[in-house]
Amino acid sequence: MSDIVKHYSNGAVTVVWKPGLCAHSENCWRGLASVFNPGKKPWIDVTASDTESIIAQVSKCPSGALSIERENKGSQE
Ligand code: SF4
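About the thresholds
Residues numbered from 1 in each chain as written. Predicted model: local features only at pLDDT ≥ 70, side-chain atom pairs only at ≥ 80, totals over all residues. Heavy atoms only, no water. Helix = DSSP H or I, 4+ residues; strand = E, 2+ residues; numbered from the N terminus. Rg over C-alpha atoms; globule rule 2.2 N^0.38 Å. Contact = heavy atoms within 4.5 Å. Areas by Shrake-Rupley, 256 points an atom, 1.4 Å probe, with all protein chains shown as cover. Lys, Arg positive; Asp, Glu negative; His and termini not counted. Charge placed at Lys NZ, Arg CZ, Asp CG, Glu CD. Pairing = 2+ DSSP bridges. Axes fitted to C-alpha atoms, helices over the stretch in contact; angles between N-to-C directions. Near = heavy atom within 4 Å. 1 Å grid on protein atoms, 1.4 Å probe; cavity = no way out; pocket = protein on both sides within 12 Å on 5 of 7 lines; lining within 4 Å. Sits in = over half its atoms within 2 Å of the grid points. Nonpolar A, V, L, I, M, F, W, Y, C, P; charged D, E, K, R; others polar. Points joined across faces, edges and corners; volume = space filled by probe spheres on them.

1. A few points about the overall build of the protein chain
Logical step 1: Counting secondary structure elements, the protein chain contains two helices and three strands.
Logical step 2: Reading the protein chain from its N terminus to its C terminus gives the helix and strand order β-β-α-α-β.
Logical step 3: Rg of the C-alpha trace for the protein chain: 12 Å, near the compact-globule value of 11 Å for 77 residues, within the 12% margin.
Logical step 4: With the C-alpha coordinates aligned to their principal axes, the bounding extent of the protein chain is approximately 35 × 25 × 20 Å.
Logical step 5: For the protein chain, the proportion of contacts with a sequence separation of at least 24, taken over those separated by at least 6, is 53%.
Logical step 6: Counting every atom, the protein chain has about 4,900 Å² of accessible surface; 50% of that belongs to carbon and sulfur.
Logical step 7: Taking the average location of the 8 positive side-chain charges in the protein chain and that of its 8 negative ones, the two points are 6 Å from each other.

Right under this line is the structure:
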């Protein structure tokens, strides 16, 4: 299994992509095609939608291949 991890940030959140975990359910690009487009390189464009829509779509990834890191600049939890 691949242990590659890619990060795509829009300044507010980072989409973390672990291709080795992808179950190819197609949820992501069927649900938010402007951001998740397997025909493009890079295939994730976090500038193509708003942060809340990206977070909502990432939460629907069934395999854990997609996850979100929030960028809490100036405040640590
Ligand atoms: S929703 Fe998750 S498991 Fe499905 S294709 Fe996208 S990244 Fe892969």
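2. Describing the sheet that holds strand β1 (residues 6-9)
Logical step 1: A sheet is described by the order of its strands in space; here three strands give the open sequence β1-β2-β3, paired in antiparallel fashion. Edge strands, defined here as strands with exactly one partner in the open sheet, are β1 and β3 (66-70). In this sheet, adjacent strand axes meet at a mean angle of 25° when their direction is disregarded.
Logical step 2: Of the strand pairs in this sheet, β1 and strand β2 (residues 13-17) are connected by four bridges, and their pairing is antiparallel. Within β2, the position partnered with lysine 6 by the bridge is tryptophan 17.
Logical step 3: Strand contacts of helix α2 (residues 51-58): β2 and β3, with the helix running at about 140° to β3, the strand carrying the most contacts.

3. Topic: the site of the ligand
Logical step 1: In the region of the ligand, 13 residues are neighbours, and Cys22, Ser25, Cys28, Cys61 and Ser63 sit closest.
Logical step 2: If you map the ligand onto the pockets, it falls in the largest pocket.
Logical step 3: The class makeup of the residues in the shell around the ligand is eight nonpolar, four polar and one charged.

4. Re the layout of surface pockets
Where empty space is left becomes clear once a probe the size of a water molecule has been rolled over the atoms.
Logical step 1: Volume-wise, the largest pocket comes out at about 220 Å³.
Logical step 2: In terms of lining residues, the largest pocket is bounded by 16 residues, among which Cys22, His24, Cys28, Trp29 and Trp43 are the most central.
Logical step 3: By residue class, the composition of the lining of the largest pocket is eleven nonpolar, four polar and one charged.

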